[in-house]
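Listed below, chain by chain, are the residues.
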Amino acid sequence: MSERVRMTQLEIPDYDLGLRGKLVRSTKTHAPTALAMCTILYGLSITDEVTDTPFSNADNGYPDATLRPDETTRIDLLWRTDTDAVIADLVGSDGQPVEMSPRHTLRRLLAGYADLDLDPVLGFEYEFWLFHGDHRDARDRRAFGGTENAYSLTRAAQAEELAIEFINRMESIGITVEMFHAELGPGFFEFTLAPESALRAADNAVRARQYLRDLCAERGLHASFMAKPFADKSGAGGHVHSSLSRAGANVFSDGGRALSDHGRHYLAGLLAGMPDTVAMLNPYVNSFKRIDPEMFTPAVAAWGHDDRSTACRVILGDSASARVEHRRPGADASPYLVAAAVLAAGLYGLTERLELPAAGHAAAGLPLDLHAAVAAFEDSHWLPHTLGKPFCGSYAATRRAEARHYDQWQRQTITAWEHHRHLEHQ
């Protein structure tokens, strides 16, 4: 029998799925390479409707761009035969990264932090829904497990084999899953990733989400990061913890139980910049159905000390772990978009030396739907400079299209509510 061909899973960050990709011969992925990807990548919705962007459109024929593997991300997928994986970035004809890329946008922000001699550290945690995958219609899928108790040891035991396999797979590729537990809802669970430097943290988060979905599919299950599948249940959060490091030391606090100057300006930026970045934290129509202060999902930009009712929960237990938990992002948002939104706002606060409002004070209201969020994103006076005009233009086009698709569905769909209200009585 001939030797097996070694394959590489090329993983390319997008706006909606998190990762898209190709399976190619490994020999073709090592420098020098001749790999390419259609630039339509940044115009595909979660269900593959195509949006023309300034970068890729019908007029320019949706051209290819070169794929450049980032060798620092190459890993062996030990649970698959003769297969490794590497994250690849799109680069232009000039050899520079394509500016529409969410991963490049995040890397660009980190240069701004480096200018301040700061290194952001991020820690992602994800709530997700687990279903049996034996129904084609998503609405008919059965939730995994029979009860809905949060932190239930019985539910944890039901998912133990899956959880341990997931944790061990992640450990084998250098991703530390610190916690896995049941949340309050049908088939509702959460996992927490160890904090890492920002780009590594986003890479780890996007892979953990993808590889959990893959593992569940292997077992006839379906993992979903949808923000709000059940109107009367909690929504799925994708909270991110962030702190600031200098020479390996946490500088978010003053070394005691108070924020440092860096911490105050950074947090002030998170609050002031939140209205303009909501379209990145909550990127779909469904994302806004998760927003409910009674279920600890904030509708205003405010902060508090260890207060889960606020958008920014500040945790100052000790200087080494001092951080802020941003509670607005949903589990449905790409880790790269969330990291870029959070760090863009934080950098804005640091460079402008913004003043922090009092704890509990609503610094700003937040957009109530996707239309309003896109409008705030496009009207922002500081985001194009911080994130780059090419990214802002491309991303805004896709969110406008997302909102339009829903509006069109509403116009064309006769709902059960309308039938009940009108058909028998008029």
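Procedures and definitions
Residues numbered from 1 in each chain as written. Predicted model: local features only at pLDDT ≥ 70, side-chain atom pairs only at ≥ 80, totals over all residues. Heavy atoms only, no water. 1 Å grid on protein atoms, 1.4 Å probe; cavity = no way out; pocket = protein on both sides within 12 Å on 5 of 7 lines; lining within 4 Å. Points joined across faces, edges and corners; volume = space filled by probe spheres on them. Nonpolar A, V, L, I, M, F, W, Y, C, P; charged D, E, K, R; others polar. Helix = DSSP H or I, 4+ residues; strand = E, 2+ residues; numbered from the N terminus. Pairing = 2+ DSSP bridges. Phe/Tyr/Trp six-rings, centres within 6.5 Å; stacked < 30°, edge-to-face > 60°. Lys NZ or Arg CZ within 6 Å of the ring centre and 35° of its normal.

**Student:** Can you explain empty space enclosed by the protein? Please cite residues and give values.
**Tutor:** Inspection of the entire model under this criterion finds two cavities of 30 Å³ or more. Roughly 60 Å³ of internal volume is contained in the largest cavity. If you go around the largest cavity, you meet 13 residues; those closest to its centre are Leu44, Ser45, Thr51, Thr398 and Arg399. Tallied by class, residues from the lining of the largest cavity come to four nonpolar, five polar and four charged. Empty space within the second largest cavity amounts to approximately 30 Å³. For the second largest cavity, the full set of lining residues is Leu122, Gly123, Phe124, Leu193, Ala194, Glu196, Ala201 and Asn204. Those elements giving two or more residues to the lining of the second largest cavity turn out to be strand S7 (119-132) and helix H4 (198-218).

**Student:** With reference to specific residues and values, describe the pairing of strand S17 (residues 323-326).
**Tutor:** Relative to S17, strand S12 (residues 240-246) is paired through three bridges, and the arrangement is antiparallel. Following the sheet pairing, Ser242 is matched in S17 by Val324. Bridge count between strand S16 (residues 312-315) and S17: four bridges; the pairing is antiparallel. Considered in S17, the bridge of Val314 is made with Val324.

**Student:** How would you summarise the packing of aromatic side chains if you had to cite specific residues and measurements?
**Tutor:** The tally for this structure, following the rule as stated, stands at 23 aromatic pairs. With a centroid separation of 3.9 Å and 10° between ring planes, the pair formed by Trp129 and Phe188 is classed as stacked. Of this pair, Trp129 sits in strand S7 while Phe188 sits in strand S9 (residues 188-193), and the two are 59 residues apart along the sequence. Seen from their ring centres, Phe131 and Phe230 are 6.3 Å apart, and the 50° between their planes marks the pair as tilted. Taken together, the residues Phe131 in strand S7 and Phe230 in the loop between strand S11 (221-224) and S12 connect sequence positions 99 residues apart. What links up through ring pairs into an aromatic cluster is the set Phe124, Tyr126, Phe128, Phe144, Phe166, Phe180, Phe189, Phe191 and Phe225. Seen from the ring of Phe189, Arg155 lies directly overhead, with NZ or CZ sitting 4.9 Å from the centre. Note that Arg209 overlies the ring of Phe225, its terminal NZ or CZ placed 5.1 Å from the centroid.

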